[in-house]
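Observations on the model geometry
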Amino acid sequence: MTKLSVAIVGCGRISAMYKGVFQELKDEVEVKWAVDIKKDRAEAFAEGFANCKVSTDYRDCLEAGDIDVIHIATSHDMHPVIAIDAMKRGIHVLTEKPMAITLDEADDMIKTAEETNVKLGVIFQTRYVKGCMDIKKLVDEGKLGKIIAARSYLSWSRPDSYYAQSDWKGTWDKEGGGVLIDQAIHSIDRTVWLIGDEIEWIEGTMGNRGHAAVNVEDVAEAAIKFKNGCLYHLFACNYYSYDAPIQIEIVGEKGKAGLTQDLAWVHLDGEERYEIKDGYDGLSVGPSYWGSSHVTQVRDFYKSVREDLPVTIDGVEGRYALEVIKGIYISSNTRQRVHVPFKDQRITEIK
Ligand SMILES: NC(=O)c1ccc[n+]([C@@H]2O[C@H](COP(=O)([O-])OP(=O)(O)OC[C@H]3O[C@@H](n4cnc5c(N)ncnc54)[C@H](O)[C@@H]3O)[C@@H](O)[C@H]2O)c1
């Protein structure tokens, strides 16, 4: 198999996962560049990869002309900037979530991918959890019947120290929000994907009740109505005492299915409740809430690049969760129901 040459831009906390992924996929990938504005972080990442160059400026790895794929794991504001620069040079992009802070930037990324004919992927590794994929299959096969309701519930802990340690988390301009855009985005992505229909409207509220040092939201709730009639009820907060398992539930006219973190269950009408599968998928690095599926998604993306196949979670797919989140922010600040499609705006405060 021809090895893909890759760069990673952003060698902070999540880069530990990428280090594990690149080591696991050592027959598929050659790590050519480690880039971070903090040089020591790039140097630390490069250790263990022969011939891995280090830079503090991402443009160095674009201009060198020696990479096929760029992995973006920086603060959220930089994702579209780096992605668009890379795609314009014919480099395939796999960016961490969220793909951008605004829908306009997300649309620019999608358009650039189309125009340049390169692959654009967005990391939502928790979709790849086995139980989640099994539930998706049940929904697609109609085993649950018409989907009429769904809920996702996240109550995690991000203490003041979490925000104090970062120069971008807890800011509207660099993180683009709080608990929704950073933590709950995965459960929102999974729920919307499982429902599998177009969103009609979003109505929600957000607040900050436990984090006086930052002004992004640490709690939000919303109702999200789909064109098929399904009503999705969402709650997220990060002022809880610990990272409790995420709860996701999908209700159909013929049964229900759900996930407690990565453990799936199904209850078809008239049958006993049973568990499908543990979500473990092969690579545990870092906190358990990162899951184990980064490696599965990265491998899937590399296959798309190598064999010129459609990307499973491309820009269009990656945009859905962002649309829900931005809809909640706008709805909360305007105290109005937001109908899709809506004109996005850069949020700077909780009103
Ligand atoms: N998929 C997941 O489960 C998961 C988990 C954690 C974080 N993330 C995502 O990963 C990304 C990074 O998060 P993190 O927790 O590692 O943050 P972090 O702050 O620990 O790391 C970000 C790094 O990017 C560097 N950086 C910022 N701007 C840069 C630029 N212009 N060029 C090069 N480097 C730059 C910073 O110096 C820092 O080292 C975010 O998008 C976050 O949402 C995803």
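Residues numbered from 1 in each chain as written. Predicted model: local features only at pLDDT ≥ 70, side-chain atom pairs only at ≥ 80, totals over all residues.

A look at the overall build of the protein
Across its full length, the protein holds 10 helices and 15 strands. Taken against the 2.2 N^0.38 rule, which gives 20 Å for 351 residues, the C-alpha radius of gyration of the protein at 20 Å falls within 12% of a compact globule. Considering only intrachain contacts with a sequence separation of at least 6, the fraction spanning at least 24 residues in the protein is 69%. (Helix = DSSP H or I, 4+ residues; strand = E, 2+ residues; numbered from the N terminus. Rg over C-alpha atoms; globule rule 2.2 N^0.38 Å. Contact = placed C-beta atoms within 7 Å.)

Observations concerning helix α9 (residues 294-307)
Compared with the 20 Å implied by 1.5 Å per residue over 14 residues, the 20 Å span of α9 between its first and last C-alpha is a close match. Here α9 has its buried residues at H294, V295, T296, Q297, V298, F301 and Y302. In this structure, the buried side of α9 is in contact with β1 (4-9), α1 (15-24), β5 (92-95) and β6 (120-122). Downstream of α9 by a residue or two, D308 has a phi angle that is positive, lying close to 50 degrees. (Expected span 1.5 Å × (residues − 1). Buried ≥ 20, exposed ≤ 12 C-beta atoms within 10 Å, placed from the backbone.)

A word on unusual backbone geometry
Cis rather than trans, the peptide bond between K97 and P98 has omega equal to -20 degrees. Assignment of secondary structure puts P98 in the loop between β5 and α5 (103-116). Geometrically, the link from V340 to P341 is a cis peptide bond, its omega value of 0 degrees lying close to zero. Here P341 is to be found in the segment after β15 (338-339). The residue R335 is not glycine, and still its phi comes out positive at about 55 degrees. With respect to the helices and strands, R335 occurs in the loop between α10 (315-334) and β15.

A closer look at the pairing of strand β7 (residues 147-155)
One ladder, built from six bridges, connects β7 with strand β11 (residues 247-252); its direction is antiparallel. Counterpart to S152 in the pairing with β11 is I248. Here β7 pairs with strand β10 (residues 231-237) via seven bridges, running parallel. What sits directly across from Y153, in β10, is F235. (Pairing = 2+ DSSP bridges.)

Concerning the packing of helix α6 (residues 130-140) against helix α8 (residues 179-195)
Two numbers describe how α6 lies on α8: the axes approach to 9 Å, and their chain directions differ by 25 degrees. Judged on the interaxial angle alone, α8 and α6 are roughly parallel. Side by side, α6 and α8 meet where C132, I135, K136 and V139 of the first sit next to R190, W193 and L194 of the second. Looking at the contact of α6 with α8, its residues break down into five nonpolar, no polar and two charged. (Axes fitted to C-alpha atoms, helices over the stretch in contact; angles between N-to-C directions. Parallel < 35°, antiparallel > 145°, perpendicular 65-115°, else oblique. Nonpolar A, V, L, I, M, F, W, Y, C, P; charged D, E, K, R; others polar.)

Structural notes on the sheet that holds strand β2 (residues 29-35)
In spatial order, the strands read β3-β2-β1-β4-β5-β6; together these six strands make up an open sheet with parallel pairing. In this open sheet, the two edge strands, each paired with only one partner strand, are β3 (53-55) and β6. Adjacent strand axes in the sheet meet at a mean angle of 20 degrees when their direction is disregarded. Judged from the six bridges that link them, β1 and β2 form a sheet pairing that is parallel. In the strand pairing of β2, A7 is matched with W33. Relative to β3, helix α2 (residues 39-46) is tilted by about 165 degrees, and along the sheet it contacts β1, β2 and β3. Relative to β5, helix α4 (residues 78-88) is tilted by about 165 degrees, and along the sheet it contacts β1, β4 (69-72), β5 and β6.

Quick look at the pairing of strand β9 (residues 219-226)
Sheet analysis places strand β8 (residues 199-207) next to β9, joined by eight bridges and oriented antiparallel. Its bridge partner lying in β9, G207 is registered against V219. Pairing between β9 and β10: seven bridges, direction antiparallel. Considered in β10, the bridge of A222 is made with L234. Counting the residues between successive antiparallel strands, the hairpin from β9 to β10 contains four residues, one of them, G229, with a positive phi of roughly 100 degrees.

By themselves, these figures tell us nothing about what the structure is for.
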